[in-house]
Every structure is written in structure tokens, then in C-alpha cells.
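The chain contents come next:
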Amino acid sequence: MQVVGISASMVVGTLLLVALWALLRRLRARERDLERKAQELAGSRAAEQRLGEELAEARRAEEEARRAREEAVTASRAKSAFLANMSHELRTPLNSILGFAQLVERDPSLADRHRENLAVICKSGEHLLGLVNDILEMAKIEAGRMTLVDVDFDLHGTLSGLSEMFAVEAQKRGLTLTVEREQDVPRYVHGDEGKLRQVLINLLGNALKFTPRGSVTLRASARRSTGTYDGGAHDGAAGRMRVSFAVTDTGRGMAKEELAELFEAFAQTATGRRSREGTGLGLHISRRIVRLMGGDIRVESQVGRGTTLRFDVRLSLADAPDARAGGAGRHPATLRAVGLSPGQPRYRVLVVDDRWDVRHCLLKLLDAVGIEARSATNGLGAVAQWETWAPHLVLLDLRMPLLDGYEAASRIKSSPRGHATVVVAMTASAFEQNRALAAEAGCDDFVSKPFRDADILGLLTKHLGARFEVEERPAEPGAIQGASAVDLARAAAGLPAALRNDLRRAATRLDAKAVQATIDRFRPEDAELAGAVAELARGYRFDSILALSSADEEEPS
């Protein structure tokens, strides 16, 4: 029994040991499980913390994006305000410069040398205005505020004017300039003449600039959208058509890889970079304008053979305008109004502007042609003068203290008597939206500063029926006339190399005295060439003189 008891005790002990060992294993497994779960929980907490950090980062990014959007909107508004102010501040003094130059030019006793100096002032002012317009045009594109201003205009006259404009430049460079117009191109059309001219001027200017030898050709053709065209008559939708233009040159051409960036802002091809001219904005602006007018620009080019740029725009047919007495058939640039035609009533015009120089210039111009004129410095004065003096036409600046032009026009037009008064808005702003705002205020027409005397007198003819006696403008002293101009490039190529080098160095330094001294050295041998180069020097056209003195060094294309 004792043995049996010992054996039972051993069995029980063994079973207890086995049970304890199994329990220990289970405890250890449980501990490992708990440790794993603790690690998972720690990982989950870390992931939760990371998620929280990411959410916080996302909230910060969203807040930064919101602030960035608000700052961008604020910056855009500030930029628009800056551009509006800058446009006004740049154009207003230009208006005075060009306006007073035109007034002084009217003096018949003006000496030729003074008239020549005035011509330089006018040319330089027009050049500066062109630069300002290009910069502001780019700004309007970026702001999405470029719009079309459609008017009836003479398309044939526009093309002829471009031919005359570039004829001297082409002859100076020894190039042949041709403007071809197919028979189906209508004469009178409705569209934005200013922007169409801007595109054509840019394309022709580039073609002449980058063509050392050969020719530049502008071709125009038309395709009717619907209906028929019988010399100008049109009705509704039947008058719509698409007019195509192509500018072809025999210049150096461009490689295919260059064409992709041709229309990018501030981008220039290798030829453009070699020329060291331009900013790379012209073609970018031109494409945006053409697309706004319902077309697009396409380019074809071969290295060494030349380039063709094509585009088309939507235009509508327009009726031929009535011929005006005294000016029909003659180019307006050659005419100058000197007074009212006999039998005209005594027209009264009120000039309203807060700037003395603008008022004084307009009053002098109107007085010179026999128009009775008075002035006011703000909108309150304009309304008071209108009530007491009853002018036929009011030239009304839009930006003035106390009461601006919009409110003044609204007050004048709100009365029955005001409907008979012609109100013309004047502004130096670059944005066409002012035209729409002026129309909403009741203005009958719109004129942008700087304006020319022909613009103001044209308003009197358009709205009051005024007729003027005109005379031919005196020719500019020493001016080079289109078809009879000397072929400057070829004549300059005949100068001795030493003279050409001296002329080039003087033009590079913008040294007018050195240029004149060089001219005097070859004047005895070629007085015609000397006179032409002297005219360029007086107009500060050192770029043209540099092109002349380097013309024979251009590589053939």
C-alpha cells in the first residue's frame, strides 16, 4: 500500500507539474499576445497621431491656400487699379505733348526748322504711345479685360495705309514690299480696325526686321460665310464673312523646334535673339487678338527660305459712308481744318476736364476753327454750365474730383433737354470697359486720350453735322517720300568701309554729333544719301542708321 501511495503521489505530482507547465506556457503565450496587442495599440496610437498631424497639416495647407487665393484676388484688384491709374498718368501728359505740338504746327508763320523739331516731338510721342499701348495691351490680356471695339471702316484704305507706312522702311532695307488684295475682299467692313491694324503692323514689322534680302508680301482674301456680296449691300446674316491675311518673307526662316515657342510670351527665336530687338510680346499679343476676333495664326517656315504667317478674322459687310464735302478722295493725314465752312451755325462746345493743359489745348483748337467753347473743371461745373449756356456738345472727362464724368453725364441726360445735347466721354484709361460704362451713363460717344485734332473735329462732323474748310498740310522738311525715296541700303553699301564703320560706331553710342560729323564727310559725294541719313538722325532713328551701316554685312538667307 505504501508503494501504491508513493506511486499515486508521484503521479499526482507529475500531473501537477504538467498542468503547471501547460499553465505556464499559456501564461507566456498570453503575455506574448498582450505584448503584441500592446505593440499594435502603440502602433495604432502612433498612426492616429500621425493622422492627426496630417489632418492638422492639411488644415494648415487649406488655410494657406485660402489666404493665397485671397491675396491673389487682392493683388489682381490692386494690379487692375494700378494699371488704370498708370494708363491715365501716362496717357494724359502724352495727350498734352501731342496736342500742343499740333496746335503749334497750325501756326503759318512757323519756321521750317521749328516745324522740323515739332515733327520729331510728334514722332517720338507716337513711338512712346505705341510702347505704352503694347505694355497695357499685355496687361489687359493677363487680366482678361481685352474686348473688341467694332466700327465701320475702309479695309482697302487700311491696307493701302499699311503699304505707305512700311514703304520707306522696306526701301531703306533694300527689300521689295508688296500688298496684294484679291477682288473678293470687300472695301467697307464692320469690325475692330485698331486691333486688326495692330496685328498686321506687328507681322509686317517682324517680316521686314528679320529679312536681310528679298521681299515681304501681304496678301488678303475673303470668303463669305452666308449670302452673297454685290459690292457692299448686305442684310443681316448675309453680311458675315471671313477675311484671311498672309505675310510672307524671304528671310532666314525658323527650325521646327523653334516654332513651338514662337507665340509664347517673352520667348524669342534664335533669329530674334541675334537681332537683339523686341521683347517677345508681339506675336503673343497678336495671337490673342486674332483668337478674340474669331480666328487663329498659323506659321509655315523653312530654314534659309523664309516664313509665312497666316490668320483669318470674322468681319461683317458695311455700307459705304457718305462722302463729306471738302475731304472726299484725299488722305486725311494730308488735310487740316482751318475753319467752318460758310453758312454754318455758331456751334457751342463745353470742355470739361480737371487738368488745365487738356482744357487749354482743346479750347485753343476749337477757337482756331471757329467753334465757341467754354470749360469747366469738374462734373458740378459741367452741369451748371450746361444748364445756363446750353452747349451743343460736351467733351466730358470721366475722372474728376467732386463729381466724376459718369454722374455728370447721367444728370445731364436725365432731363428732356439733355437728350438734345451730345455728350462725348474722354478718358486716358486703357480699358474698353469704360466705353460701356460711359454708354450706360448716357454718353453718346467716346474718345481716348491722347487724341488728335482730327478726332475732335470728326466728332463735331459726326454728331452736329459741322463742315470745315480744309487745306493741305505742309510737307515735313526733308521728309523722304515713298516712291521717290533713295534706296538707302544700296547707297550706304557703296560708302567706303571706314565711313560705314564710323557711322556704325556713332549710331551704337547714340552720338548725334558723331553721326553728323560722319555725314558731313560723305555729303560732297552723295548729298541725297547724306540728307536722308541726317533726317534719320534728327528723328533719333539710330536703329535705322545702324541697320544702314551694317546692311552689307548681313548673311544671305
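What you see is a predicted model; the values in this text were computed from it and never measured.

Trainee: Is there a simple way to explain the overall build of the chain in this structure?
Mentor: Counting its regular elements, the chain contains 17 helices and 14 strands. Residue pairs at least 24 apart in sequence account for 73% of intrachain contacts in the chain once pairs closer than 6 positions are excluded.

Trainee: Whenever I open this one, a nonpolar patch on the surface confuses me. Can you help?
Mentor: A cluster of nonpolar residues, Val-12, Leu-16, Leu-17, Leu-20, Leu-23, Leu-24 and Leu-27, forms a patch on the protein surface that exposes about 660 Å² of accessible area. Along the chain, Leu-27 falls in helix 1 (residues 2-105). On the basis of relative accessible area, Leu-27 is assigned to the partly exposed category, the value being 46%.

Trainee: Help me understand the environment of Pro-186 in this model?
Mentor: As for its placement among the helices and strands, Pro-186 is situated in the loop between strand 2 (176-181) and strand 3 (188-191). The buried category is assigned to Pro-186, whose relative accessible area is 0%. Between the C-alpha atoms of Pro-186 and Ser-221, which are 35 residues apart in sequence, the distance is 9.1 Å.

Trainee: How should the pattern of salt bridges be read in this particular structure?
Mentor: When the charged atoms of two side chains lie near each other, side chains of opposite charge can form a pair. This structure, assessed with the given rule, holds 21 salt bridges. Between Arg-346 and Glu-372 there is a salt bridge; the shortest N-O distance is 3.8 Å. Here Arg-346 is found in the loop between strand 8 (335-340) and strand 9 (348-352), whereas its partner Glu-372 is found in strand 10 (residues 372-376), with 26 residues between them in sequence. Relative accessible area serves as the criterion here: at 53%, Arg-346 is assigned to the exposed category. For Asp-445, the salt bridge is made with Lys-462, and the minimal N-O distance between the two is 2.9 Å. Here Asp-445 is found in strand 13 (residues 445-448), whereas its partner Lys-462 is found in helix 12 (residues 453-464), with 17 residues between them in sequence. Among the ionic contacts, a cluster of salt bridges with common partners joins Arg-30, Asp-33, Arg-36 and Lys-37.

Trainee: Could you clarify how one ought to interpret the confidence of the model for the chain in this entry?
Mentor: The predicted coordinates should not be examined in detail at positions where pLDDT is low. Mean pLDDT over the chain: 76, with 73% of residues reaching 70 or higher. Between the elements of the chain, mean pLDDT differs from a low of 46, seen in helix 6 (residues 270-275), to a high of 92, seen in strand 9. Across residues 266-270, confidence stays below pLDDT 50; counting only partners more than four residues off in sequence or on other chains, it has 15 contacts. Considering only residues more than four positions removed or in separate chains, one finds that residues 272-280, a stretch of pLDDT under 50, has 16 contacts.

Trainee: Where do I start with the packing of aromatic side chains in this structure?
Mentor: By convention here, two paired aromatic rings are described through the distance between centres and the angle between planes. With the rule as written, the count across this model stands at one aromatic pair. Both rings, one in Phe-245 and one in Phe-311, keep their centres 5.2 Å apart while their planes meet at 25 degrees; by these two values the pair is stacked. Of this pair, Phe-245 sits in strand 5 (residues 240-249) while Phe-311 is found in strand 7 (residues 306-317), placing the two residues 66 residues apart along the sequence. By relative accessible area, which is 2% here, Phe-245 ends up buried.

Trainee: Please clarify how the sheet that holds strand 9 should be interpreted in this entry.
Mentor: Within a beta sheet, neighbouring strands are joined by backbone hydrogen bonds and run either parallel or antiparallel to one another. Taken in spatial order, the five strands line up as 10-9-11-12-13 in an open sheet, and their pairing is parallel. The open sheet terminates on both sides in strands that have one partner only, identified here as strand 10 and strand 13. Direction aside, the axes of adjacent strands within the sheet are offset by 20 degrees on average. With four bridges connecting them, strand 12 (residues 422-427) and strand 13 associate as parallel partners. Bridging from a neighbouring strand, Ala-425 pairs with Phe-446 of strand 13. On the sheet, helix 8 (residues 356-368) packs against strand 9, strand 10, strand 11 (393-397) and strand 12 and is oriented at approximately 170 degrees with respect to strand 10.

Trainee: When you look at the pairing of strand 6 (residues 297-302) in this model, what are you seeing that I'm missing?
Mentor: Along a regular strand, successive side chains alternate from one face of the sheet to the other. With six bridges joining them, strand 6 and strand 7 adopt antiparallel strand pairing. Looking at the pairing, Ile-297 lines up with Phe-311 of strand 7. Hairpin connection of strand 6 to strand 7: three residues between the antiparallel strands, including Gly-304 at a positive phi of 85 degrees.

Trainee: Would you mind showing me how to read the nonpolar core here?
Mentor: Side chains of a nonpolar character, in soluble globular proteins, are inclined to be buried together. By size, the foremost hydrophobic cluster in this structure holds 37 residues, and its most contacted members are Leu-155, Leu-196, Leu-200, Phe-245, Phe-311 and Val-313. Those elements giving two or more residues to this core turn out to be helix 3 (155-172), helix 4 (193-209), strand 4 (215-224), strand 5, helix 7 (282-292) and strand 7. The leading source of residues in this core is helix 4, at seven residues. Tyr-347, Leu-362, Val-369 and Phe-468 belong to the second-largest nonpolar core, a separate cluster that totals 25 residues.

Trainee: Looking at this structure, I do not really get the packing of helix 9 (residues 379-389) against helix 10 (residues 405-413). What am I missing?
Mentor: Between helix 9 and helix 10, the shortest axis-to-axis distance is 9 Å and the interhelical angle comes to 20 degrees. Considered as vectors, helix 9 and helix 10 are oriented roughly parallel to each other. The handedness of the crossing between helix 9 and helix 10 is right-handed. Note on element contacts: helix 10 touches helix 9 through Ala-408, Arg-411 and Ile-412, opposite Gly-379, Leu-380, Val-383 and Trp-386.

Trainee: Looking at this model, I keep getting lost on unusual backbone geometry. Mind explaining?
Mentor: What is expected of a backbone is that most residues other than glycine have negative phi and most peptide bonds are trans. Positive phi outside glycine occurs at Ala-390, with the angle close to 55 degrees. Relative to the assigned elements, Ala-390 resides in the loop between helix 9 and strand 11.

Trainee: How should the pairing of strand 5 be read in this particular structure?
Mentor: By the criterion of burial, strand 5 is predominantly enclosed, with eight of the 10 residues buried. Pairing of strand 4 with strand 5, which is carried by nine bridges, proceeds in the antiparallel orientation. Its bridge partner being in strand 5, Arg-223 is matched across the sheet by Arg-242. Two strands pair when backbone bridges link them, and strand 5 and strand 7 are joined in this way by 10 bridges, in the antiparallel orientation.

Trainee: Could you clarify how one ought to interpret helix 15 (residues 512-522) in this entry?
Mentor: Since there are 3.6 residues in each turn of an α-helix, residues three or four apart along the chain are aligned in direction. What helix 15 keeps buried is the set Val-515, Thr-518, Ile-519 and Phe-522. Down the axis of helix 15, the smallest arc covering the buried residues is 105 degrees, so these residues share one side.

Trainee: I tried to follow helix 12 on my own but got confused; where do I start?
Mentor: For helix 12, spanning 12 residues, the distance from its first C-alpha to its last is 16 Å, which sits close to the expected 16 Å at 1.5 Å a residue. Of the residues making up helix 12, those classed as buried are Asp-453, Ile-456, Leu-457, Leu-459, Leu-460 and Thr-461.

Trainee: What's the story with the side chain of Asp-192 in this structure? I'm lost.
Mentor: With respect to the element layout, Asp-192 can be found in the loop between strand 3 and helix 4. Note on Asp-192: relative accessible area 5%, which makes it buried. Within the structure, Asp-192 has its side chain in polar contact with the backbone nitrogen of Lys-195 (distance 3.1 Å). Apart from residues lying up to four places away in sequence, Asp-192 is in contact with Thr-147, Leu-148, Val-149, Asp-150, Phe-153 and Met-293.

Trainee: Mind showing me how you'd approach the side chain of Arg-242 here?
Mentor: Counting through the fold element by element, Arg-242 comes out in strand 5. The class for Arg-242 is buried, based on a relative accessible area of 17%. At 2.8 Å, the side chain of Arg-242 forms a polar contact with the backbone oxygen of Gly-294.

Rules used throughout
The written sequence of each chain sets the order in which its residues are numbered from 1. In view of the model being predicted, local features appear only for residues whose pLDDT reaches at least 70, and side-chain atom pairs are presented and counted only at 80 or more, with totals across whole chains, interfaces and linings using the full set of residues. Excluded from the side-chain calculations are hydrogens and water; all other atoms, namely the structure's heavy atoms, are used. Runs of H or I in DSSP of at least four residues are treated as helices and runs of E of at least two as strands, each being numbered from the N terminus. Whether two residues touch is decided by their heavy atoms; if any such pair falls within 4.5 Å, the residues are in contact. Residues form patches when they are more than 30% accessible in relative terms and have no salt bridge. Like charges link within 9 Å. Nonpolar side chains (Val, Leu, Ile, Met, Phe, Trp, Tyr) link within 5 Å. Only the protein chains shown count as cover for residues, and all accessible areas are computed by the Shrake-Rupley method using a 1.4 Å probe. What counts as a salt bridge is simple: a side-chain nitrogen of Lys or Arg found within 4 Å of a carboxyl oxygen of Asp or Glu. Relative accessibility under 20% of the residue-type maximum defines a buried residue, over 50% an exposed one, and the middle range a partly exposed one, all with a 1.4 Å probe and only protein chains included. Along the chain, pLDDT gives the predictor's confidence residue by residue, from 0 to 100. Two rings belonging to Phe, Tyr or Trp (six-membered ring only in the last case) form a pair when the distance between their centres is within 6.5 Å. Interplanar angles under 30 degrees mark stacking, angles over 60 mark edge-to-face geometry, and anything in between is tilted. If DSSP finds at least two bridges between two strands, the strands pair. Each axis is a line fitted through C-alpha atoms, taken for helices only over the stretch in contact, and angles between the N-to-C directions span 0 to 180 degrees. Nonpolar cores were defined as sets of buried Ala, Val, Leu, Ile, Met, Phe, Trp, Tyr and Cys residues, with membership established by side-chain atoms within 4.5 Å. Should an angle fall under 35 degrees it is taken as roughly parallel, and over 145 as roughly antiparallel, whereas 65 to 115 is taken as roughly perpendicular and any remaining angle as oblique. Helix crossings are classified by the rotation of the near helix relative to the far one: an anticlockwise turn of less than a right angle makes the crossing left-handed, while a clockwise turn makes it right-handed. It is the directions from the helix axis to the C-beta atoms that the arc portrays. A helix is expected to reach a length of 1.5 Å times the quantity of its residues less one. Under the rule applied, a polar contact is a pair of N or O atoms within 3.5 Å (in protein, one hydrogen donor and one hydrogen acceptor; residues adjacent in sequence only if both atoms are side-chain atoms).

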